[in-house]
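Chain residues, written in single-letter form:
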Amino acid sequence: MTRRSFAHGVVGTLGYAAVAAGCMEEQPSLSAGETDAQRWADDTLAGLTLREKVAQMVCEQMRGDYTATDSSDYAYWSELVSDYGVGGFVVYGGTPHDTASLLNRLQSLSKVPLLISSDFEGGPGQQFAGASEFPANMAFSAAGSEDLAFRAGKAGALEGRAIGVHVTYSPVVDVQTRPDNPVLSVRSFGKDVELLGRMASAYIRGYQENGMLATAKHFPGRGDVDLFGDTEFLINRKDVPEFENEDMAAFQKAVDAGVTFVMSEHIAVPSATFGSEFPASVEEQLATGWLRERLGFTGILTTDDLWYPKVVERFGAEQAGVLAIQAGHDALLKPANAIAMIEAVAAAVEADEIAMARIDDAVGKLLYWKARLGLHLERSVDLDRIPSIVGTRDHRELVQEIAERSITVVRNDGFFPTRANALGSITHVSFQKNEHDDAPVEVARKLETTLPIVETYLVRPGMDPARFDHAVRSAEISDTLVISLFNQRTVYRDNGQLRPPERELLRRLVAAQPKAVAMSYGNPYVIESVPERMAFVVGYGEGGFYGNQIVYADTFIRLMKGEIEASGKLPVDLTASA
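## Digging into helix α5 (residues 96–109)
Given 3.6 residues to a turn, an α-helix orients residues that are three or four positions apart in the same direction.
Consideration 1: Helix length check: α5, at 14 residues, gives a terminal C-alpha distance of 20 Å against a target of 20 Å (1.5 Å per residue), a fit within 8%.
Consideration 2: Those residues of α5 that fall on the buried side of the exposure criterion are P96, T99, A100, L102, L103, N104, L106 and Q107.
Consideration 3: The inward-facing, buried residues of α5 contact β1 (58–63), α4 (72–84), β2 (88–92), β3 (115–118) and α7 (146–163).

## Structural notes on the nonpolar core
Consideration 1: Counting residues in hydrophobic clusters, the biggest one holds 189 residues, and the most contacted among them are F89, F219, F431, L447, I483 and L509.
Consideration 2: At nine residues, helix α8 (residues 193–208) tops the list of elements feeding residues into this core.
Consideration 3: With sequence-adjacent residues up to four places away left out, I483 is seen in contact with V429, F431, L506, L509, V517, A518, M519 and M534.

## Notes on the sheet that holds β2
Consideration 1: If you walk across this open sheet you meet the five strands as β4-β3-β2-β1-β11, and the pairing is parallel. The two strands at the open ends of the sheet, each matched to only one other strand, are β4 (167–168) and β11 (332–333).
Consideration 2: Note: β2 against β3, three bridges, orientation parallel. Among the inter-strand pairings, F89 is bridged to a residue of β3, identified as I116.

## Notes on the packing of aromatic side chains
Consideration 1: Going through the model one piece at a time under the given rule, you end up with eleven aromatic pairs.
Consideration 2: Ring centres 6.5 Å apart and planes at 75° place the aromatic pair Y540 and Y552 in the edge-to-face group. With Y540 in the loop between β17 (535–539) and α19 (551–561) and Y552 in helix α19, the pair connects residues that are twelve residues apart, well separated along the chain. Taken as a pair, Y540 and Y552 share a single burial class, namely buried.
Consideration 3: An aromatic cluster of three or more residues is present, and its members are F233, F278 and F315.
Consideration 4: Here the guanidinium or amino end of R105 rests over the ring plane of Y74, the centre of that ring lying 4.5 Å away.
Consideration 5: When the ring centre of W290 is taken as reference, the NZ or CZ atom of R294 above it lies at 3.9 Å.

## Let's talk about the pairing of β17
Consideration 1: Taken across its five residues, β17 has five buried, putting it largely inside the fold.
Consideration 2: On β17, burial covers both faces: A535, V537 and G539 on one face and F536 and V538 on the other are all buried.
Consideration 3: As paired strands, strand β12 (residues 408–411) and β17 are joined by three bridges and run antiparallel to one another. Bridging from a neighbouring strand, V409 pairs with V537 of β17.

## A look at the sheet that holds strand β8 (residues 261–264)
Consideration 1: Taking strand neighbours across the sheet as the criterion, the three strands line up as β5-β8-β10 in an open arrangement whose pairing is parallel. Each edge of the open sheet carries a strand with a single partner, namely β5 (215–219) and β10 (300–302). When strand polarity is set aside, the average angle formed by the axes of neighbouring strands in this sheet is 25°.
Consideration 2: In this sheet, β8 lies alongside β5 in parallel orientation, the contact comprising three bridges. Opposite T215, over in β8, you have F261 as the bridge partner.
Consideration 3: Packing against the sheet, helix α9 (residues 240–256) makes contact with β5 and β8, and its axis sits at approximately 165° to β5.

## A look at the confidence of the model for the chain
Consideration 1: With 94% of its residues at a pLDDT of 70 or more, the chain has an overall mean of 93.
Consideration 2: Predicted confidence is poor over residues 1–30, with pLDDT under 50, and the contacts of this stretch with residues over four places away or in other chains come to 73 contacts.

## So, the packing of α8 against α9
Consideration 1: At their nearest, the axes of α8 and α9 sit 8 Å apart, and the two run at 25° to each other. Taken together, α8 and α9 sit at an angle that is classed as roughly parallel. Two packed elements cross with a definite hand, and for α8 against α9 that hand is right-handed. Contact residues: α8 offers V193, E194, L196, G197, S201 and I204, while α9 offers N245, E246, A249, A250, K253 and A254.
Consideration 2: Looking at the contact of α8 with α9 residue by residue, the classes come out as six nonpolar, three polar and three charged.

## Structural notes on the pattern of salt bridges
When their charged atoms lie close together, side chains carrying opposite charge are able to pair.
Consideration 1: A complete count under the given rule lists 36 salt bridges for this structure.
Consideration 2: Measuring nitrogen to oxygen at the nearest pair gives 2.9 Å for the salt bridge that ties D65 to R63.
Consideration 3: For D65, a relative accessible area of 30% puts it in the partly exposed group.
Consideration 4: R63 sits in the partly exposed class, given a relative accessible area of 43%.
Consideration 5: Measuring nitrogen to oxygen at the nearest pair gives 2.6 Å for the salt bridge that ties R507 to E504. Of this pair, R507 and E504 both sit in helix α18 (residues 500–512), three residues apart, which is roughly one turn of that helix.

## A word on the side chain of R222
Consideration 1: If you trace the backbone, R222 turns up in the loop between β5 and β6 (226–227).
Consideration 2: For R222, a relative accessible area of 6% translates into the label buried.
Consideration 3: At a separation of 3.3 Å, a polar atom in the side chain of R222 contacts the side chain of H218.

## Focus on the packing of α7 against α8
Two numbers describe a pair of packed helices, the interaxial angle and the distance between the axes.
Consideration 1: For the pair α7 and α8, interaxial distance at closest approach is 7 Å and the crossing angle is 30°. On the basis of the axis angle, α7 is roughly parallel to α8. As for how α7 packs across α8, the hand of that crossing is right-handed. For the pair α7 and α8, contact is made by E146, A149, F150, G153, K154, G156 and A157 and by R198, M199, A202, Y203, R205, G206 and Y207, respectively.

Criteria and cut-off values
- Residues numbered from 1 in each chain as written.
- Predicted model: local features only at pLDDT ≥ 70, side-chain atom pairs only at ≥ 80, totals over all residues.
- Heavy atoms only, no water.
- Helix = DSSP H or I, 4+ residues; strand = E, 2+ residues; numbered from the N terminus.
- Expected span 1.5 Å × (residues − 1).
- Buried < 20%, exposed > 50% of the residue type's maximum accessible area, 1.4 Å probe, protein only.
- Contact = heavy atoms within 4.5 Å.
- Core = buried A, V, L, I, M, F, W, Y, C linked by side-chain atoms within 4.5 Å.
- Pairing = 2+ DSSP bridges.
- Phe/Tyr/Trp six-rings, centres within 6.5 Å; stacked < 30°, edge-to-face > 60°.
- Lys NZ or Arg CZ within 6 Å of the ring centre and 35° of its normal.
- Axes fitted to C-alpha atoms, helices over the stretch in contact; angles between N-to-C directions.
- pLDDT = per-residue confidence, 0-100.
- Parallel < 35°, antiparallel > 145°, perpendicular 65-115°, else oblique.
- Left-handed = near helix turned anticlockwise from the far one by under 90°.
- Nonpolar A, V, L, I, M, F, W, Y, C, P; charged D, E, K, R; others polar.
- Salt bridge = Lys/Arg side-chain N within 4 Å of Asp/Glu carboxyl O.
- Polar contact = N/O pair within 3.5 Å; in protein donor to acceptor, adjacent residues only side chain to side chain.

Rendered as structure tokens:
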């Protein structure tokens, strides 16, 4: 069985302890080379039963919050580990210490080391309070800096490994070619495959050269997709040449960079599969034919979530996993019922619906990478070392640097450059799309403490338009109008434009005060809702899972004071005709 080593790989030569400590001497006691890892993987595989092998392919979800030993959650997780031999977990939420402590406890119960994954699209801070949260992918392309992408990956790897996480489900390498596509937005590196490839490759190297495995997603690409019928499945309607030159070219960049994982998505590409409307999660012509055979990917292919109602309803809760393995997947992410999935896949092997060689190949790869990470020698983490690695000053400064080098003035209209004493009195109006969103209030407080703001108005969903008049009067007697836009996309539905009453309010505000600037927090496409005669600035963070949003408030303040210039360049088209 052959294995693909990292293109720039040092996981086999630098142990986690050496990387985390910043030293460069070899640490063979905590990391294995290819030969040692292969030997351990082969020996371990030989000692597993069929059901234990299948369990290694299952990744269940868990919370990283403090969890008592006698809680029902812990009882379930420990049952999966002790009784079934599950291969790993994807962890969400918690604090670095609570998560690391919980993972150590579960690792101590496991016959085979657990492979722990998480989604670090916005860095470890999007999951763990106090860890570093970075802007979204589009920021790196706007800054045009491979160095920033690499350093963000390195920081994420060091913090993640300190907490006990071994795999990040990032980066997104989908090409964002359609302005009206609400699936991606700033999660993408952009429209240019070459720029995307440089940023994604640097990001992958940053993680993998510092002891953590990266994942290219969402294969076969969701940058230009439509909903399939009345479902939430996605369909890519490109012809084969366009699909190959855009979507596949982007994934080829990640494969060439040595990415260890690829995540498939529930996306169909009929033109590339002889008319099949099955998604890549179960379609062999995509998972094996395109990814393995054409792109040359030899690493670990994982599904995206299998618990989704759309997946369960269309394919069956357990049959979806059987189909995924038959198509060429090595790992099953978040099945609706992990125990039932183990039994169903094992039964499919016993019924000769899945070849044992298919199982052995998948599990062999998973075990091999566990050993390459040194988990067969040391699977727990040192809780005392977390404060010196996670959320450090150097990493916080890196977050700010990325924001400052990526912030983009999309439309100026003579507003910039400016300085603090040229602003005069400011009326600040903040447009909030989602009712339960804390970011507008937090950003307003930052602006109020640093800029000469006389009044702030928060426009929330469903607000009576009759209340808008006071904001218009305030703008008219102020010297400057600042608009904050928190209008993120709605997945599968829209790309985040203002509602008609809010558009009318914005028109009235700018008519009352022409010296105006709009700052969009995480959505460049909302410019369609902004009057042409005002400046428009964008930052690349949606909040939540998709990039640090708040850091752009500090960056915008510095831009308004004239302390920095906006050097970011927008890496996408904002209109279909652009």
